[in-house]
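Here are the chains, one letter per residue:
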Amino acid sequence: MDSNNSVTLRSVQNGSKCIKLNDGSVFQLGRNHDTQITDTRCSRVQLLVSADVKNCELVVEQVGNNPSAINGVKLKKGEKRKAVQGDIIEVLASDHLFKVEFPNSSRMESTKLDKIENGASPVKKTSKTSGTLDYFLKNSALKQVGCWECVTPDSLYVFSSDGIKSKEKIAAFDLDGTIITTLSGNVYPKDPNDWKIAYANVIEKLKELHGDDYKIVFFTNQGGISSGKLKVSDFKKKVEAIVRKINLPVQVFVAGRDDICRKPRPGMWNCLVKNKNDNIPVNYEESFFCGDAAGRPANCEPNKKKKDFSSSDRLFAINLNLKFYTPEEYFLGWKPAPFKLPEFYAKNLKDTSLLEPEGAKLTADSTEIIVMIGSPGSGKTFFSKTYLESAGYVHVNRDTLKTWQKCVKLTQQSVANKKSVIVDNTSPDKESRARYINVGKEFNVPVRAFWMNVSLHHAKHNNTFRKITDTTHEIIPNYSLNHFSMEPPDLSEGFTEIVRVNFVPKFNNDEEEKLYYTYLLD
């Protein structure tokens, strides 16, 4: 097959798996030997794909019953849609992903955001697509052209205006409330045209930065994209209008979902450094970030009555080791205002001992029952499996067994067979704990309480970390965390010992560890 007269569909999950399509041919993409797809949800002929190599286009038609997608936008049975260089064809929506690669294509390797039409519902990321962002960051050098690019559908979009150049010095800004504000005076824009430049000297200051050899970059959270409240096509036009008004080379990063790319998390910045700056190292001493979400209290500055809605911009700068300014400081020359940081900072957990008091034993030499006590997200299951189940303790958990009666029964059976037990439930009150203390009395074995020394903010941090690093993990709703109440354990209940357990995380790699010890919540 002539490689210059064919198009390649390369598996996102396994880059070595490729399908070649001849120019003018129609290929049946589905559950077959060529794709190695065995998923029974997928029809044997799920998609018909015809190749036009000269024009660097594919025509994709869904013929299977279950929905397919292109760049996260679902197809309907019988619907045809074009795909170009760099697009992601999802044989089943969010599953079995193939990247389009044309030979010697001069087209941008990106998503045409205009394809997200009115009423289209972006597909949410699942565990099977969780690696897509990492795949692009590691394997794809996104071309710097005057256009939009999509790193992952409804998650990360990048706009590079004409003339943008990679630089050592980065002048980074938030968008809403920093570069622009609403024309109507409303807190939130009423439509895509409801904006104006926030301060009279914004463009002048940006021109000075451009003249001082800074690369100007905007980072903005737009969660309405993934929720369906904001159309990507509308926001695209808004950004282009703002850049035309500024009339300077600007790069814009848009986080559309509550994932690693949403400030204060570092995903957008990491994409800039790894893929959008031509491997030119950033000069962190000279670079900075400016944003209005700075954790300032009410009435802290002239004409500023309301407190900041969050501290996400200041935390973003702290996470990245960048100097930080509020818009008033940078554009108006005001003195730095007071601010408040979140109560919890994971960096303060480093070098923490696992158990308190000092000298407390992790395991016992004879049969015992350990009752875990702590809120959802406090790390009980992680601790139980890492330190106790691996030491031979029987893991008793209501999420698995479904009822407390079954938990008690398994505890009784295990202790009767001389096996120690770790009860991995929240155990928030005396009543729930008494069930296992009574088993201890029945079999004459000691019962210890292991009480998680984890605050609500820490639990939320853990929950968010799991959400952005492991999409297979069930996320705990904020409601459950906020409304959890605890009756502290006491020796008078019948415990032989109460041990405080500090959460000491373990990581799969250095990147996870680095991420954990940043601010993840605003």
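Quantities reported herein were computed from a predicted structural model and do not represent experimental measurements. (Residues numbered from 1 in each chain as written. Predicted model: local features only at pLDDT ≥ 70, side-chain atom pairs only at ≥ 80, totals over all residues. Heavy atoms only, no water.)

Asker: What's the story with the overall build of the chain in this structure? I'm lost.
Answerer: Scanning the chain from terminus to terminus reveals 14 helices and 25 strands. Its C-alpha atoms give the chain principal-axis dimensions of about 80 × 65 × 40 Å. Going through the 522 residues of the chain one by one, you find that 52% of them count as buried. Here the analysis covers contacts within the chain between residues at least 6 apart in sequence; of these, 68% occur between residues at least 24 apart. Summed over all atoms, the accessible surface of the chain reaches about 24900 Å², with 47% contributed by carbon and sulfur. Across the chain, the centroid of the 74 positively charged side chains sits 3 Å from that of the 64 negatively charged ones. (Helix = DSSP H or I, 4+ residues; strand = E, 2+ residues; numbered from the N terminus. Buried < 20%, exposed > 50% of the residue type's maximum accessible area, 1.4 Å probe, protein only. Contact = heavy atoms within 4.5 Å. Areas by Shrake-Rupley, 256 points an atom, 1.4 Å probe, with all protein chains shown as cover. Lys, Arg positive; Asp, Glu negative; His and termini not counted. Charge placed at Lys NZ, Arg CZ, Asp CG, Glu CD.)

Asker: Explain the packing of helix α10 (residues 404-416) against helix α11 (residues 430-443) to me, please; I cannot follow it from the model alone.
Answerer: How two helices sit against one another is set out by the angle between their axes and by the gap between those axes. Where α10 meets α11, the closest approach of the two axes is 10 Å, and the angle between their N-to-C directions is 25°. Taken together, the axis directions place α10 and α11 in an arrangement best described as roughly parallel. Seen from above, α10 lies across α11 with right-handed handedness. Together, W404, C407, V408, T411, Q412, V415 and A416 of α10 and R435, Y436, V439, E442 and F443 of α11 make up the contact between the two elements. Tallied by class, the residues present in the contact of α10 with α11 amount to eight nonpolar, two polar and two charged. (Axes fitted to C-alpha atoms, helices over the stretch in contact; angles between N-to-C directions. Parallel < 35°, antiparallel > 145°, perpendicular 65-115°, else oblique. Left-handed = near helix turned anticlockwise from the far one by under 90°. Nonpolar A, V, L, I, M, F, W, Y, C, P; charged D, E, K, R; others polar.)

Asker: Honestly, the pattern of salt bridges in this entry has me stumped. Any pointers?
Answerer: Side chains that differ in charge, positive against negative, can pair when their charged atoms come close. For the coordinates displayed, the defined rule picks out 19 salt bridges. Two residues, E149 and K276, come together in a salt bridge whose shortest N-O distance is 2.9 Å. With E149 in strand β11 (residues 147-152) and K276 in the loop between α5 (267-275) and β18 (288-290), this pair connects stretches of sequence that are 127 residues apart. Across the pair, K276 and E149 agree in class, each one buried. One salt bridge connects E497 with R448, and the closest N-O pair in it is separated by 3.3 Å. Taken together, the residues span a long stretch of sequence, with E497 in strand β25 (residues 497-501) and R448 in strand β24 (residues 447-452) at a distance of 49 residues. Residue classification places E497 among the partly exposed positions, given a relative accessible area of 25%. (Salt bridge = Lys/Arg side-chain N within 4 Å of Asp/Glu carboxyl O.)

Asker: Would you mind going over the pairing of strand β3 (residues 26-29) with me for this structure?
Answerer: Two faces belong to every sheet, and in a regular strand the side chains alternate between them. Burial along β3 is one-sided: the face carrying F27 and L29 is buried and the face carrying V26 and Q28 is not. In this structure, β3 lies alongside strand β4 (residues 47-52), joined through four bridges in antiparallel fashion. Residue L29 lies in a different strand from β4, and its bridge partner there is L47. (Pairing = 2+ DSSP bridges.)

Asker: Which parts of the structure should I look at to understand the nonpolar core?
Answerer: A general trend in soluble globular proteins is that nonpolar side chains are found buried together. Core analysis: the largest hydrophobic core is formed by 33 residues, its most contacted members being F173, I179, L206 and F218. Of all the elements, helix α4 (residues 232-246) adds the most residues to this core, at six residues. Core analysis: the second largest hydrophobic core is formed by 27 residues, A346, F450, F465 and Y516 among them. (Core = buried A, V, L, I, M, F, W, Y, C linked by side-chain atoms within 4.5 Å.)

Asker: What am I meant to see in the sheet that holds β25 here?
Answerer: The pairing of strands in a sheet happens through backbone hydrogen bonds and is either parallel or antiparallel. If you trace the six strands from one edge of the open sheet to the other, you get β20-β25-β24-β21-β23-β22, paired in mixed fashion. Because the sheet does not close on itself, it has two edges, and the strands there are β20 (355-356) and β22 (394-396). Pairing geometry for β22 and strand β23 (residues 421-423), over three bridges, is parallel. The residue of β23 that forms the bridge with V396 is V423. Of the strands in this sheet, β20, β21 (369-373), β22, β23, β24 and β25 touch helix α8 (residues 380-388), which is tilted by about 150° from β21. Of the strands in this sheet, β21, β23 and β24 are in contact with α11, which crosses β21 at around 170°.

Asker: Just to check I follow, could you spell out a nonpolar patch on the surface for this structure?
Answerer: Together, I318, F339 and L341 give the surface a local cluster of nonpolar side chains, amounting to about 230 Å² of exposed area. By the secondary structure assignment, I318 is in helix α6 (residues 312-320). (Patch = residues over 30% accessible without salt bridge, like charges linked within 9 Å, V, L, I, M, F, W, Y side chains within 5 Å.)

Asker: What am I meant to see in α8 here?
Answerer: Restricting attention to buried positions, one finds in α8 the residues K380, F383, S384, Y387 and L388. Projected down its long axis, α8 shows its buried positions confined to an angular sector of 105°, all on one face. Against the buried residues of α8 lie β20, β21, β22, β23, β24 and β25. (Arc of directions from axis to C-beta.)

Asker: Looking at this model, I keep getting lost on the packing of aromatic side chains. Mind explaining?
Answerer: Aromatic ring pairs are reported here in terms of the distance separating the ring centres and the angle at which the planes meet. By the definition in use, this model includes 28 aromatic pairs. Measuring from centroid to centroid gives 6.4 Å for F173 and F218, while their planes differ by 85°, and the two rings are edge-to-face. Residue F173 is located in strand β13 (residues 169-173), and its partner F218 is located in strand β16 (residues 214-221); the two are separated by 45 residues in the primary sequence. Like F218, F173 is buried. Both rings, one in F289 and one in F324, keep their centres 6.5 Å apart while their planes meet at 35°; by these two values the pair is tilted. Taken together, the residues F289 in strand β18 and F324 in strand β19 (residues 323-325) connect sequence positions 35 residues apart. Exposure class is identical for F289 and F324. Each is buried. Each member of the aromatic cluster is reached from another via a ring pair, and the members are F173, Y199, Y214, F218, F288, Y325, Y330 and F331. When the ring centre of Y517 is taken as origin, the NZ or CZ atom of K350, which lies over that ring, is 4.7 Å away. Geometry around W451 places R500 over its ring, the cationic atom sitting 3.9 Å from the centre. (Phe/Tyr/Trp six-rings, centres within 6.5 Å; stacked < 30°, edge-to-face > 60°. Lys NZ or Arg CZ within 6 Å of the ring centre and 35° of its normal.)

Asker: Is there a simple way to think about the pairing of β21 in this case?
Answerer: Counted residue by residue, β21 has five buried out of five residues, so it is predominantly covered. With burial as the criterion, each face of β21 is covered, one bearing I369, V371 and I373 and the other bearing I370 and M372. The pairing of β21 with β23 spans three bridges and is parallel. The residue of β23 that forms the bridge with I370 is I422. Both β21 and β24 contribute to a ladder of five bridges, which runs parallel. Note that in β24 the partner of V371 across the bridge is A449.

Asker: Sorry if this is basic, but what is going on with the side chain of S226 here?
Answerer: Assignment of secondary structure puts S226 in helix α3 (residues 224-227). Within the structure, the side chain of S226 is placed 3.2 Å from the backbone oxygen of G223, a separation counted as a polar contact. In this view, S226 contacts D154, G256 and R257; residues no more than four positions away in its chain are not counted. (Polar contact = N/O pair within 3.5 Å; in protein donor to acceptor, adjacent residues only side chain to side chain.)

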